[in-house]
Amino acid sequence: MTAQQAQRFPGTGLQWSLGLIALILAACLISDGLSGGPQLSLPLLLAGALSWLVCWIGVPRLRALKMGQVIRQEGPQSHQSKSGTPTMGGLLLVPCGVVVGSLVSPGDPRLLPIGLVTLAFMVIGGIDDWRSLTKRHNTGLTPKGKLLLQALAAGLFLLWAGLHGAIPTAIALPWGWLLPIGLLIWPLGLFVFLAESNATNLTDGLDGLAAGVGAIVLVGLSLQLMLRGNGGDPALAGYGAALAGAWLGFLLHNRHPARVFMGDTGSLAMGAALTAIALLSNSLWPLLLMGGLLLAESLSVILQVWVFKATKGADGQGKRLLRMAPLHHHFELGGWSERRVVVSFWGISLLLVALGLVLVP
C-alpha cells in the first residue's frame, strides 16, 4: 500500500463522530430498556447537549483570548498547521459533565468527591496549559511539579475514601473471584490516579482521539456497573454517562479538523474521573481492560525511551522501537491519515469495552 493510498479513508470527521455518538447512545438506550429507566441515556444526552452548547459559545472566546495551542517541534511536521487552534477546552466541557453528573443522584455522598477530584485535576491541567501559552512553548509545569500536584489531589480523595470506608480492599475479578490486597489498595489507588491521568494526556494527540476513546471507556464502565448484581450502581453509572456525554458534545468541536483542543485541562480531568469511578465502584479490572488503548499509548512512550537509552552509543544515538511515540504517531508516520488512526483506535476501544462487558466482575 502506498502512502497516498493509506491517506485515503472514507467519511469525514463529523460523520464518524456522529456514528460514534449514535452507537454509544444506542448502547445506553438498550441498558435503560433492561433496567426500566433512563439511567444512562438521559444524563448522556443532557451533558452532551450542554457541553456542545457551552463549547459553541466558548470556543470563539478562547480564540479571542489568543489561547492558541503551541505545537511541539519534535512531533509530526504535519501537525504544525494546527498551531494557533484554541486549547484549554477542558474548562468548557468538564464542568458540564460534573454538574449534570452530580444531579443524577444528589443524595449520594460519593458524587461530590468524584466531582472535586475531577475539577482539581482540571485546574492542574489548566495551570500547565496556561504556563505553556504564556511561555509560548509546549512545556508548562515541570514533570515533578505536575506529579506532586496530581498526587496531592489524589491523596485528598483517597483520604476521604479511607475515612468513609468507600474503597474495598479486595479487587473484583471475573467469575466472582476476588483479589484481596488489603492496605496495598491505597498506594495502588495513587498509582492508578497518576498513571491514568498521564495516559489520557498522552492519548490526546490527534483530533478527536482522546475525546472519543475517553467517552467509550466511561460508557463502558457505566454499562458494566448496570450489569453487575444487586441492581447495579445507577448513581455512579449515571455519573459516568454524564461525563461521557460531556466529552461527546466536545467531540463535535474537536473532531477532525479540530476547532478546539481539550489540552491538559481536559485530559488530566478525564483520567482522574475514570480512576475515581473505578475505585469507588470496585472496577479497577474493567478499567484496565476497557482502557487498554490508553495503557498501550502510555507503555509505548515508556518502551520507546527505555529502548533508546538501553541502546545509546558513544555518539548519543540509540535505536527506536517505534517511528515516534506515543503509539498514534507511529501509525501517522507509517502513512496512515489522522482520521484513519483515530477511527481505528476508537474501534479497538469499542472491542475492549465489549470484552470487558463479557468479563464483567
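Residues numbered from 1 in each chain as written. Predicted model: local features only at pLDDT ≥ 70, side-chain atom pairs only at ≥ 80, totals over all residues. Heavy atoms only, no water.

Engineer: Account for the packing of aromatic side chains, naming residues and giving values.
Structural biologist: Overall, the coordinates contain eight aromatic pairs when judged by the stated rule. Between W52 and W56, the ring centres sit 6.0 Å apart and the planes meet at 10°, which makes this aromatic pair stacked. Highlighted residues: W52 and W56, both in helix α3 (residues 41–64), separated by four residues, approximately one helical turn. Exposure remark for W52: the relative accessible area of 37% places this residue in the partly exposed category. Residues F157 and F193 carry aromatic rings whose centres are separated by 5.4 Å and whose planes lie at 70° to one another, so their mutual orientation is edge-to-face. Pair noted here: F157 is in helix α6 (residues 143–163) and F193 is in helix α7 (residues 185–203), with a separation of 36 residues, a long-range link. (Phe/Tyr/Trp six-rings, centres within 6.5 Å; stacked < 30°, edge-to-face > 60°. Helix = DSSP H or I, 4+ residues; strand = E, 2+ residues; numbered from the N terminus. Buried < 20%, exposed > 50% of the residue type's maximum accessible area, 1.4 Å probe, protein only.)

Engineer: Go over the environment of V59 with me, naming the residues and quoting the values.
Structural biologist: Within the secondary structure, V59 sits in helix α3. Relative accessible area serves as the criterion here: at 0%, V59 is assigned to the buried category. When residues no more than four places from it in sequence are discounted, the contact partners of V59 are P86, L92, R259 and V260. (Contact = heavy atoms within 4.5 Å.)

Engineer: Describe in detail the packing of helix α2 (residues 13–35) against helix α9 (residues 234–254), supporting the description with residues and values.
Structural biologist: Two numbers describe how α2 lies on α9: the axes approach to 9 Å, and their chain directions differ by 170°. When the interaxial angle is binned, α2 and α9 end up roughly antiparallel. For the pair α2 and α9, the sense of crossing is left-handed. For the pair α2 and α9, the contacting residues are L14, S17, L18, L20, I21 and I24 in the first and L248, L251 and L252 in the second. In terms of residue class, the contact of α2 with α9 is built from eight nonpolar, one polar and no charged. (Axes fitted to C-alpha atoms, helices over the stretch in contact; angles between N-to-C directions. Parallel < 35°, antiparallel > 145°, perpendicular 65-115°, else oblique. Left-handed = near helix turned anticlockwise from the far one by under 90°. Nonpolar A, V, L, I, M, F, W, Y, C, P; charged D, E, K, R; others polar.)

Engineer: Residues and numbers for the nonpolar core, please.
Structural biologist: Membership of the largest hydrophobic core comes to 86 residues, with the highest contact counts inside it found for I24, F157, F193 and W247. Per-element tally for this core: the top contributor is helix α8 (residues 209–227), with 13 residues. Each residue touching W247, except ones within four places of it in the same chain, is listed here: L93, V94, A211, A215, L218, M262, G266, A269 and M270. (Core = buried A, V, L, I, M, F, W, Y, C linked by side-chain atoms within 4.5 Å.)

Engineer: Break down the side chain of K146 for me, with residues and values.
Structural biologist: Residue position: K146 is located in helix α6. Only 2.9 Å separates the side chain of K146 from the side chain of D128, close enough to count as a polar contact. (Polar contact = N/O pair within 3.5 Å; in protein donor to acceptor, adjacent residues only side chain to side chain.)

Engineer: Account for α7, naming residues and giving values.
Structural biologist: Spanning 19 residues, α7 covers 26 Å between terminal C-alpha atoms, matching the ideal 27 Å at 1.5 Å per step. Among the residues of α7, those classed as buried are I185, G189, V192, F193, E196, S197, A199, T200, N201 and T203. (Expected span 1.5 Å × (residues − 1).)

Engineer: Which residues make up unusual backbone geometry, and what values go with them?
Structural biologist: Here H256 and P257 are connected by a cis peptide whose omega angle stands at -10°. By secondary structure assignment, the location of P257 is in the loop between α9 and α10 (263–280). Going from A325 to P326, the amide bond is cis rather than trans, its omega being 5°. Here P326 is to be found in the loop between α12 (292–310) and α13 (327–333). Its identity is not glycine, yet W175 carries a phi of approximately 60°, on the positive side. Relative to the helices and strands, W175 resides in the loop between β1 (170–172) and β2 (178–180).

Engineer: Lay out the packing of α8 against helix α14 (residues 338–358) with the relevant residues and their values.
Structural biologist: Closest axis-to-axis distance for the α8/α14 pair is 9 Å, and the angle between their directions is 10°. Taken as axis vectors, α8 and α14 run roughly parallel relative to one another. In this structure, α8 contributes L209, G212, V213, I216, V217, G220, L223, Q224 and L227 to the contact, and α14 contributes V342, F345, W346, S349, L350, V353 and L357. Grouping the constituent residues of the contact of α8 with α14 by class yields 12 nonpolar, four polar and no charged.

Engineer: Would you mind going over the pattern of salt bridges in detail, with residue names and values included?
Structural biologist: Proximity of charged atoms lets side chains of opposite charge pair with each other. Under the criterion given, the structure shown has four salt bridges. Salt-bridge contacts for D108 lead to R110; the nearest nitrogen and oxygen are separated by 2.8 Å. In this structure D108 comes out as buried when scored by relative accessible area, which is 14%. Here K146 makes a salt bridge to D128, at a shortest N to O gap of 2.9 Å. One end of the pair, K146, is in helix α6; the other, D128, is in helix α5 (residues 111–135), with 18 residues separating them in the sequence. The same class applies to K146 as to D128, namely buried. Connected through shared salt-bridge partners, D108, R110 and D233 make up one network. (Salt bridge = Lys/Arg side-chain N within 4 Å of Asp/Glu carboxyl O.)

Engineer: Any details on α2? Residues and values, ideally.
Structural biologist: Taking 1.5 Å of rise per residue, the 23 residues of α2 would be expected to cover 33 Å, and the 33 Å separating its terminal C-alpha atoms lies within 8% of that figure. For α2, the full list of buried residues reads G13, S17, L20, I24, C28, S31 and D32. Those residues of α2 hidden inside the fold are in contact with α3, α8, α9 and α14. The first or second residue beyond α2 is G36, which carries a positive phi of 85°.

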